[in-house]
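Architecture and fold: a report
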Amino acid sequence: MAKEILEMLIETATLELPDTKTLRLKWPDGHNPEFKTGQFITVYWPDTPGYKRAYSLSSSALDRGAYEVTVKRDGKMGTRIVDWAKPGDKMFVIPPVGKFLPQFDKHLVCIAGGSGVTPFRAFVREATRRKLDTKITVLYSVRQPKDIIFNTEFRELEKENPNFKFHVTCTRALPEDNWTGRTGRIDSFFVKSHVTDLPNTVFYACGPNALVEFAEGLVFELGAPKEQMKTEKWG
Ligand SMILES: Cc1cc2nc3c(=O)[nH]c(=O)nc-3n(C[C@H](O)[C@H](O)[C@H](O)COP(=O)(O)OP(=O)(O)OC[C@H]3O[C@@H](n4cnc5c(N)ncnc54)[C@H](O)[C@@H]3O)c2cc1C
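Bear in mind the structure is a predicted one, so any value in this text is a computation, not a measurement.

Conventions we followed
Residues numbered from 1 in each chain as written. Predicted model: local features only at pLDDT ≥ 70, side-chain atom pairs only at ≥ 80, totals over all residues. Near = placed C-beta within 6 Å. Helix = DSSP H or I, 4+ residues; strand = E, 2+ residues; numbered from the N terminus. Nonpolar A, V, L, I, M, F, W, Y, C, P; charged D, E, K, R; others polar. Domains from an automatic or database assignment. Pairing = 2+ DSSP bridges. Contact = placed C-beta atoms within 7 Å. Axes fitted to C-alpha atoms, helices over the stretch in contact; angles between N-to-C directions. Buried ≥ 20, exposed ≤ 12 C-beta atoms within 10 Å, placed from the backbone. Expected span 1.5 Å × (residues − 1). Arc of directions from axis to C-beta. Core = buried A, V, L, I, M, F, W, Y, C linked by C-beta atoms within 7 Å.

1. Description of the site of the ligand
Around the ligand there are 19 residues in total, and Gly 75, Lys 76, Met 77, Gly 78 and Trp 234 lie nearest to it. If you list the elements that add at least two residues to the shell around the ligand, you get strand E4 (53-56), strand E5 (66-72) and helix H1 (75-84). Across the shell around the ligand, the residue classes tally to seven nonpolar, seven polar and five charged. Split by domain, the residues of the shell around the ligand number at least three in each of domain 1 (6-97) and domain 2 (107-233).

2. So, the sheet that holds strand E9 (residues 164-170)
The parallel open sheet is built from six strands, whose spatial order is E10-E9-E8-E7-E11-E12. Of all strands in the sheet, those with a lone pairing partner are strand E10 (182-183) and strand E12 (229-233), marking the two edges. Strands strand E7 (107-113), strand E11 (201-207) and E12 of the sheet are contacted by helix H5 (residues 209-222), whose axis makes an angle of about 160° with E11.

3. Observations regarding the environment of Ile 136
With respect to the helices, strands and loops of the structure, Ile 136 is situated in strand E8 (residues 136-142). Residue class for Ile 136 comes out buried when judged on the 26 C-beta atoms lying within 10 Å of it. For the pair Ile 136 and Lys 106, spaced 30 residues apart in sequence, the C-alpha separation works out to 8.8 Å.

4. Focus: the sheet that holds strand E6 (residues 90-97)
The strand order E4-E3-E6-E1-E2-E5 describes an open sheet built from six strands, whose pairing is antiparallel. Looking at which strands have only one partner, the edges of the open sheet turn out to be E4 and E5. Averaged over neighbouring strand pairs, the angle between their axes works out to 40° when direction is ignored. Across seven bridges, the pairing between strand E1 (residues 6-17) and strand E2 (residues 20-26) is antiparallel. Following the sheet pairing, Thr 12 is matched in E2 by Arg 24.

5. Some points on H5
The end-to-end C-alpha distance of H5 is 20 Å, a good match for the 20 Å that 14 residues give at a rise of 1.5 Å each. For H5, the complete set of buried residues consists of Leu 211, Val 212, Ala 215, Leu 218 and Val 219. Around the axis of H5, the buried residues are gathered within 120° of arc, so they sit on the same side. Of the exposed residues in H5, the ones pointing more than 90 degrees away from its buried face are Asn 209, Ala 210, Glu 213, Gly 217 and Glu 221. In the core, the buried residues of H5 are packed alongside E7, helix H4 (188-192), E11 and E12.

6. So, the domain arrangement of the protein chain
As far as domains go, the protein chain holds domain 1 (6-97) and domain 2 (107-233). Contacts between domain 1 and domain 2 engage 15 residues on the former and 15 residues on the latter. Every element with two or more residues in the side of domain 1 that touches domain 2 is listed here: E1 and E5. Split into classes, the residues belonging to the side of domain 1 that touches domain 2 amount to four nonpolar, eight polar and three charged.

7. Side note on the nonpolar core
By size, the foremost hydrophobic cluster in this structure holds 54 residues, and its most contacted members are Cys 110, Ile 111 and Val 138. Here this core spans two domains, since at least three of its residues come from each of domain 1 (6-97) and domain 2 (107-233).

8. Some points on unusual backbone geometry
Keep in mind that most residues, glycine aside, have a negative phi and that most peptide bonds are trans. If you check the backbone angles, Phe 150 has positive phi at about 60° while not being a glycine. Unusually for a residue other than glycine, Asn 178 sits at a positive phi of about 50°. The topology assignment puts Asn 178 in the loop between E9 and E10.

Here it is in structure tokens:
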């Protein structure tokens, strides 16, 4: 039952940034799926059933009633969603799958660039809601401060959850941005400075292949075995 493909109504379509939109796909009445925080769904439009794309859930398994995905304008599906998807439209949804799951008994060090931060919102939402004492550190690289997705929510979660830290580094901040935080790319020093107990740390990286492979290299440099690194490659 929980594994059937269902048509879902777009309940809300929220522009997070000029090129990034969150869709809230409402579950049909009586639908109460079991799934895990960190999984992804696959969606397609009724008029193009052959054209399917995967999106990580940016909502957690504790957020009931709808799936949320956060999509960047890129390629055919990304552009159609960001520029055209609106409340009232319908999309088909293939149920959540995937193994990019938070291991809440470890320190989670989550490495993200751009839209790759979306599943980490789900990780932090679940840990905060459950009042877990899991340490979660998100290391997030964007070009400029205006490119930070979910900035307000992450800052609020940081206040609510003393075990969560949101560290942003800007690679192309301009003087007029008045950015006082870290600048430059994510590098091994940056990652290392947030690791206090390597054997009890799990690293996560999500997003375009190049970023994920780069993160894998950094974690390898730190001497962590492969089992302590979980990746979600978007292609
Ligand atoms: C598990 C998983 C989770 C994912 N989660 C997310 C997520 O949460 N958010 C998100 O935004 N994406 C996510 N993705 C990526 C997503 O599935 C799509 O790959 C993405 O939206 C682009 O799909 P598309 O059909 O729009 O692009 P396509 O049209 O298939 O294009 C793919 C790429 O090729 C480029 N391209 C297309 N045509 C040309 C051309 N003629 N010349 C040069 N370049 C071209 C496009 O710009 C794009 O970068 C995820 C992927 C996976 C596998």
